[in-house]
Amino acid sequence: MTYHSPVLLKESIEGLNLKPDGVYVDVTFGGGGHSKEILKFLKNGRLYSFDQDHDATANNIESSNFKLIKANFRFLKNFLKLEGIEKIDGVIADLGVSSHQFDTAARGFSLRFDSELDMRMNIDSNLNAKEIINNYSEEQLANMFYIYGDITQSRKLAKQIVNARKEQNILTTTELILIAENLSPVKKRNQFLARVFQAIRIEVNDEINALKDMLNSATKLLNPGGRIVVISYHSLEDKIVKNLFKKGNTDGVVEKDFFGNISKVFNQINKNVIVPSSDECTFNNRATSAKMRVAEKIAYVKK
Ligand SMILES: C[S@@+](CC[C@H](N)C(=O)[O-])C[C@H]1O[C@@H](n2cnc3c(N)ncnc32)[C@H](O)[C@@H]1O
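Computed from a predicted model, the values in this text were never measured in an experiment. (Residues numbered from 1 in each chain as written. Predicted model: local features only at pLDDT ≥ 70, side-chain atom pairs only at ≥ 80, totals over all residues. Heavy atoms only, no water.)

**Q** Talk me through the pairing of strand β4 (residues 88-94); I want residue IDs and the actual numbers.
**A** Counting buried positions over the 7 residues of β4 gives 7, a clear majority of the element. Bridge analysis of strand β1 (residues 23-26) against β4 gives 3 bridges, and the strand direction is parallel. Bridge pairing links Asp-26 to Ile-92 in β4. The pairing of β4 with strand β5 (residues 222-232) spans 6 bridges and is parallel. Bridge pairing links Ile-88 to Leu-222 in β5. (Buried < 20%, exposed > 50% of the residue type's maximum accessible area, 1.4 Å probe, protein only. Helix = DSSP H or I, 4+ residues; strand = E, 2+ residues; numbered from the N terminus. Pairing = 2+ DSSP bridges.)

See below:
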């Protein structure tokens, strides 16, 4: 079984506008599909890739231009500093989980398997899905489902979970599905449950805060003219990326200079999101929800 088929490979590599001597970072190494392609273009340049999942380290690439760092990308700046890197020419992020993570039953990411509630990308991290489902307050659960899963019946779902766990702890994906599925709209069971699982996964891995931290560090690290390419798979992520590229910060706050001009940090290379071709979506089901944005750093950002 392949570990992961890279999405929007050609388009993302073009977006990076690689220089043979540049310093690049792939913050989501996974199966190394994007990293391998970047390395083909480098001569004296360097590529540093990050992944927080131990399984990804099995895909390490033997190359003198390459180093794989097993860490959360939110610590990008610190780990690069350890390598003596203060400035970079490009960064690529292909967000979310890999096919390997999704298709490995024991990881608990997929509603297709009966497995323990886990969903950690980094198995050394303390917080897992079981912990959240059995210990979060009803309000915390409702907020999580509403904000991260866009679930309109989030309060009802949280109540059902809290009532069920009074009887006994909820330990498996199947037990959770049995509690949640009666709230799904007719004929949309799987889409509804996928959003329930997505919300828990985002919370377990603190994905939104990690993304903001990484984008803020990357913004500071990029040289003027450096490129940032982000492939996202749901609107919450895409909104954060769009905010950064259009308004210069991940929260979308419009900042003006002394003269009232909007402080621009990036030039968007593509005004609209880039999506995979229908051919790619046919071959790779995961590509269907992918949206890519590319921007070029134009200004120096104060530390
Ligand atoms: C969609 S896959 C990337 C696939 C990769 N582009 C390829 O071609 O194989 C996302 C990967 O990023 C990793 N990841 C997600 N969030 C991360 C984070 N905050 N820090 C480090 N790695 C992360 C996941 O563990 C997963 O392996």
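**Q** Break down the site of the ligand for me, with residues and values.
**A** Contacts to the ligand come from 24 residues, most closely from Gly-31, Asp-51, Phe-73, Asp-94 and Gln-101. Separating an oxygen atom of the ligand from a backbone N or O atom of Gly-31 is a distance of 2.8 Å. Take His-34: an N or O atom from its side chain is 2.8 Å from a nitrogen atom of the ligand. Burial of the ligand by the surrounding chains reaches 98%, relative to a free accessible area of 590 Å². (Near = heavy atom within 4 Å. Polar contact = N/O pair within 3.5 Å; in protein donor to acceptor, adjacent residues only side chain to side chain. Areas by Shrake-Rupley, 256 points an atom, 1.4 Å probe, with all protein chains shown as cover.)

**Q** I'd like a description of helix α6 (residues 138-149), backed by residues and values.
**A** For α6, which comprises 12 residues, the first-to-last C-alpha distance of 16 Å matches the rise-based estimate of 16 Å (1.5 Å per residue) to within 8%. Where α6 is concerned, the buried positions are Leu-141, Ala-142, Met-144, Phe-145, Tyr-148 and Gly-149. Contact partners of the buried residues in α6: α5 (129-135), α7 (154-167), α9 (189-204), α10 (207-221) and α11 (235-247). Positioned one or two residues after α6, Asp-150 has a phi angle of 55°, which is positive. (Expected span 1.5 Å × (residues − 1). Contact = heavy atoms within 4.5 Å.)

**Q** Now, about the pattern of salt bridges: what can you tell me, with residues and values included?
**A** In the structure shown here, the tally under the stated rule is 17 salt bridges. For the salt bridge of Lys-67 with Glu-83, the shortest nitrogen-to-oxygen distance reads 3.0 Å. Taken as a pair, Lys-67 in strand β3 (residues 66-70) and Glu-83 in the loop between α3 (76-82) and β4 lie far apart in primary sequence, 16 residues in all. Judged by its relative accessible area of 35%, Lys-67 is partly exposed. Arg-74 is the salt-bridge partner of Asp-206, the closest N and O atoms lying 3.0 Å from each other. Highlighted residues: Asp-206 in the loop between α9 and α10 and Arg-74 in the loop between β3 and α3, separated in sequence by 132 residues. On the accessibility criterion, Asp-206 (27% relative accessible area) is partly exposed. Connected through salt bridges with shared partners, the residues Asp-53, Asp-55 and Arg-107 form a single ionic network. (Salt bridge = Lys/Arg side-chain N within 4 Å of Asp/Glu carboxyl O.)

**Q** A description of the sheet that holds β3 should follow, citing residues and the corresponding values.
**A** With mixed pairing, 7 strands are arranged side by side in an open sheet as β3-β2-β1-β4-β5-β7-β6. Looking at which strands have only one partner, the edges of the open sheet turn out to be β3 and β6 (266-268). Along the sheet, successive strands turn relative to each other by an average axial angle of 20°, direction set aside. Two elements, β6 and strand β7 (residues 291-297), share 3 bridges in a ladder whose sense is antiparallel. Note on β7: the bridge partner recorded for Gln-268 is Ala-295. (Axes fitted to C-alpha atoms, helices over the stretch in contact; angles between N-to-C directions.)

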